[in-house]
Amino acid sequence: MKLNKFIDHTLLKPTATKHDIANLCNEAITYDFFSVCLNSCYVKLAKQHLKNSSVKVCSVIGFPLGAMNTNAKVEEAKLALKDGGDEIDMVINLGLLKSKDYDDVLEDIKAVKNIMPNNILKVILETCYLVDNEIIKASEIAIQAGADFLKTSTGFGSGGATIHDVKLMQNVAKNKVGIKASGGIKDAETALEYINIGVNRLGTSSGVSIVTGKTSNSNY
Amino acid sequence: MNITRYIDYALLDSTTTESDIIQLCQEAIQYNFYGICINSCYVSLANQFLKETDINISAVVGFPLGAASTKSKIFEAQQAIKDGASEIDMVINLGLLKSRNYVSVLKDISDIKFAIENTPLKVTIEIDELNKNEIVKVCEICLDAGADYIKTSTGFTKNGATFTAVKMIKKIVRDKVKIKASGGIDDYESILKYIEAGADRVETATNIMATNKAQQIRNSKIFKQYLENLEKSKTTSDSSIITKV
């Protein structure tokens, strides 16, 4: 089974240089990954590198805390799309979720989705900070708001994706929206575990070792 | 000298609730802190509690990575000011700095400063990610870009402020840009030491005024003596500047 098109090839550390982004794009072309996933300041640069390829550009928004005001998230998303972004990975407002202010959590996501009806919006729940009920609630809200994907983690929290959390999200998603597992997926074996339970996309900065390692001679 | 007026009382965790923010505001009022420092989504809530007071609201922008596009940082800052923020704490674009793309790093800061006009702009340089040369370079960029403060750290990296870095920054910027020490500062004594090292503002997520130890220190003779000396040294350095002019 080919894993390359499941992978959002990711580089989000704040010290990533232009050179690092160029490398990321070249690797994404070489291994034909689904996309590159990066911070919004680098969308334009990545698009230049990728304009003659089928690799998409995915920009994170309100990242990694999700605690910026809604209008700023909307504007950041608008600009990222204008700069050549194809997909948006936004972070849910965790504080409002913890405050049980579900209407505002919904409006935050809706406002972003409204300006990008034809582009894929992934909503990052940052599951490491949520109990099971909150994961279920956040999944319901994101789907109601028009999310195209539920995504587990930023990679900047106290933990990344887990099979348990993904299954909770899948139970709510019921295949109506996609699931992206991210955070801590570093080898082919882990990647396949997620694919095998039906995950649609993987966010990882270890894409190259995943596709050149165990996977290349694996048949699952 | 009133220590509390040097303090930005911060709460920046992503899981901070509305009631956490309300409590932060209440404590800031109770202890008369200079300000609070919060994420931009909570500025308008905090403003409801603080607008009748002289407690300032600092909103962080492009936080904590600094890797949002310049225009979205500008928009976030403008919205925060509309919502009631009186100061903006932005994070520099570290990636462009590491790319040695200094013009773009400067433009990121100066575009924001231009957009927010007279609102004080603190520029977080995240010293934990920088070597000495880079700190010097960033300080020069901040001077040129019109920053009102250089802020050491976001508090989201392994290490926050250090006395060495604050002294070093002070040596470079002198009195042309103010300094805010931040990140991992959680006791009364450290705050005093940072002020002594040259900090004009200190950020802490701990209500140091409410701790017993702080009470003990404040009531001690040694501490009162220390404050007097500090006050004297500040006055002396101020007058020496005036003499020079």
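Residues numbered from 1 in each chain as written. Chains lettered and ligands numbered in written order. Predicted model: local features only at pLDDT ≥ 70, side-chain atom pairs only at ≥ 80, totals over all residues. Heavy atoms only, no water.

### A closer look at the nonpolar core
Here's step 1: In this structure, I109 of chain A together with I36 and I125 of chain B are the most contacted members of the largest nonpolar core, which totals 136 residues.
Here's step 2: Here this core spans two domains, and each of domain 1 (3–210) and domain 2 (212–245) of chain B adds at least three residues to it.
Here's step 3: Once you skip the residues sitting within four places of it in the chain, I36 of chain B turns out to touch Y9, L24, C25, A28, A46, L50, I55, N56, I57 and S58 of chain B.
Here's step 4: Within the second largest apolar cluster, nine residues are counted, among which are L12, C58 and V60 of chain A together with L65 of chain B. (Core = buried A, V, L, I, M, F, W, Y, C linked by side-chain atoms within 4.5 Å. Buried < 20%, exposed > 50% of the residue type's maximum accessible area, 1.4 Å probe, protein only. Domains from an automatic or database assignment. Contact = heavy atoms within 4.5 Å.)

### A few points about the pattern of salt bridges
Here's step 1: One pass over the full model with this rule turns up 31 salt bridges over all chains.
Here's step 2: The partner of K78 of chain A in a salt bridge is E75 of chain A, with the nearest N and O atoms 3.7 Å apart. Taken together, the residues K78 of chain A and E75 of chain A, both in helix α3 (residues 70–82) and three residues apart, mark about one turn of the helix.
Here's step 3: Residues joined by salt bridges that share partners form a network here, namely D8, E87, D89, K122, K151, K180, R201 and E203 of chain B. (Salt bridge = Lys/Arg side-chain N within 4 Å of Asp/Glu carboxyl O. Helix = DSSP H or I, 4+ residues; strand = E, 2+ residues; numbered from the N terminus.)

### Brief notes about the sheet that holds strand β3 (residues 56–61) of chain B
All names here are of chain B.
Here's step 1: The strand order around the closed barrel built from eight strands is β1-β2-β3-β4-β5-β6-β7-β8, with neighbouring strands paired in parallel fashion. Strand after strand, the sheet turns through a mean of 25 degrees between neighbouring axes, direction not considered.
Here's step 2: The sheet contact formed by strand β1 (residues 7–11) and strand β8 (residues 201–204) spans three bridges and is parallel. The partner of I7 across the bridge, within β8, is V202. (Pairing = 2+ DSSP bridges. Axes fitted to C-alpha atoms, helices over the stretch in contact; angles between N-to-C directions.)

### A few points about empty space enclosed by the protein
Here's step 1: Overall, the coordinates contain four cavities of 30 Å³ or more when judged by the stated rule.
Here's step 2: Here the largest cavity defines a volume of roughly 70 Å³.
Here's step 3: What lines the largest cavity is a set of 14 residues, among which N39, F63 and E76 of chain A together with A67 and A68 of chain B lie closest to the centre.
Here's step 4: The computed volume of the second largest cavity comes to approximately 60 Å³. (1 Å grid on protein atoms, 1.4 Å probe; cavity = no way out; pocket = protein on both sides within 12 Å on 5 of 7 lines; lining within 4 Å. Points joined across faces, edges and corners; volume = space filled by probe spheres on them.)

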